[in-house]
Amino acid sequence: MKKNILLIIALLCTITVFAQKKIPFTQEMRDKLDANELSLRQVQFYISKEITLKRKSNKKDIKLDQGKINFEDRGKDEAVVIAKETEGICEDFTKKSVKVRFEDGVSRGIQFIRNQNNLYQIGADDWSTGNGKMRYDTSFFYLDKDGANAILMVKKGDIRKQTKDRKKAKGLKVSTAK
């Protein structure tokens, strides 16, 4: 029984060691990609924490009903939730930003801007209300304050390639040496 438990623990430790970990995407990583002429569009990105984009749309209608003027206010609350570690792809980039899309559709990219720590943090067009205002899809949405420090993540895989060249020396005789 103890041997089985030890075997299971050893197996779990092995899996944990070889599992790929998600780490923050940094400017240093981006520089290395650029130096090796590798495209950001080929990188699988992840978001570090859950974010929620919200918007309210109101529609006001005026109707006549048997001579009375009726004013109707119809509201609709929309929310787009992007869960922690949701996969995303690079849609566009500049020197200081990366736009990542986490779902299909036109204009659904979210801007991540390089911060003072050289990490790519979620950006918005306006933060004056405390919530980030950003264009998403065909409208403006507001990012909850909780999501303001979300950053881009990538999986880190350590690949070590070591090649060995081995040959057997034939040997030399005095008469055949050059």
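The structure contained in this document is the topic of the report that follows. Note that the coordinates shown come from a computational prediction; the quantities given were computed from them, not determined experimentally. (Residues numbered from 1 in each chain as written. Predicted model: local features only at pLDDT ≥ 70, side-chain atom pairs only at ≥ 80, totals over all residues. Heavy atoms only, no water.)

### Concerning the overall build of the protein
Our working rule: Under the DSSP-based scheme used, a helix requires at least four consecutive residues in state H or I and a strand at least two consecutive residues in state E, with every element numbered from the N terminus. Exposure classes here rest on a 1.4 Å probe applied to the protein chains alone. A residue is buried below 20% of its type maximum, exposed above 50%, and partly exposed in between. In this analysis, two residues are considered to be in contact whenever any of their non-hydrogen atoms come within 4.5 Å of each other. Only the protein chains shown count as cover for residues, and the accessible areas themselves come from Shrake-Rupley with a 1.4 Å probe.
Summing up its helical and strand segments, the protein has two helices and 11 strands in all. The linear arrangement of helices and strands in the protein, starting from the amino end, is α-β-α-β-β-β-β-β-β-β-β-β-β. Going through the 178 residues of the protein one by one, you find that 25% of them count as buried. If you take every contact in the protein between residues at least 6 apart in sequence, the share linking residues at least 24 apart comes to 57%. Counting only carbon and sulfur atoms, one obtains 51% of the accessible surface of the protein, whose full area is about 14,200 Å².

### Topic: the nonpolar core
Basically, it comes down to this: Within this scheme, the nonpolar core is defined by two criteria: the residues are buried Ala, Val, Leu, Ile, Met, Phe, Trp, Tyr or Cys, and they are joined through side-chain atoms within 4.5 Å.
The biggest cluster of nonpolar side chains holds 26 residues, and the ones touching the most others in it are Phe45, Ile110 and Phe112. If near-sequence neighbours (up to four positions away) are discounted, Phe45 is found in contact with Phe25, Leu40, Thr86, Glu87, Gly88, Cys90, Val98, Val100, Leu152, Met153 and Val154.

### Focus on the sheet that holds strand β5 (residues 87-93)
The line we're drawing: By definition, two strands form a pair when at least two bridges between them are found by DSSP. Only the contacting stretch of a helix is used when fitting its axis, a line to C-alpha atoms as for every element, and angles between N-to-C directions run 0 to 180 degrees.
Pairing within the open sheet is antiparallel, and its seven strands lie in the order β1-β11-β2-β5-β6-β7-β8. What marks the edges here is a single partner per strand, and that holds for β1 (21-24) and β8 (120-122). The average angle at which neighbouring strand axes cross in this sheet is 45°, direction not considered. In this structure, β1 lies alongside strand β11 (residues 152-156), joined through four bridges in antiparallel fashion. Directly across from Pro24, in β11, lies its bridge partner Met153.

### Notes on the pattern of salt bridges
Let me state the cut-off plainly: Salt bridges, as used here, are contacts in which a Lys or Arg side-chain nitrogen is within 4 Å of a carboxyl oxygen on Asp or Glu.
Taken as a whole and judged by the stated rule, the model has eight salt bridges. With a closest N to O distance of 3.8 Å, Arg101 and Asp104 form a salt bridge. A relative accessible area of 66% means that Asp104 is categorised as exposed. Salt-bridge contacts for Arg108 lead to Glu103; the nearest nitrogen and oxygen are separated by 3.7 Å. Accessibility expressed as a relative area gives 22% for Arg108, which makes it partly exposed. Taken together, the salt bridges that share partners define one network made up of Glu91, Arg101 and Asp104.

### Structural notes on the packing of aromatic side chains
Pairs of aromatic rings are described using the distance from one ring centre to the other and the angle between the two planes. Inclusion rule: What counts as a ring pair is set by centres within 6.5 Å for rings of Phe, Tyr and Trp (its six-membered ring), and what kind of pair is set by the plane angle: stacked under 30 degrees, edge-to-face over 60, tilted for all other angles.
Counting across every chain of the model gives four aromatic pairs. Their ring planes at 40° and their centres at 5.4 Å tell us that Phe25 and Tyr120 sit as a pair that is tilted. Taken together, the positions of Phe25 in the loop between β1 and α2 (27-35) and Tyr120 in strand β8 put the pair 95 residues apart, joining distant regions of the chain. Of the two residues examined, Phe25 and Tyr120, each falls in the buried class.

### With respect to the side chain of Thr52
In this fold, Thr52 is placed in strand β3 (residues 51-65). Given a relative accessible area of 13%, Thr52 falls into the buried group. Contact partners of Thr52, with chain neighbours within four places excluded, come to Ala79, Val80, Val81, Tyr142, Leu143 and Asp144.

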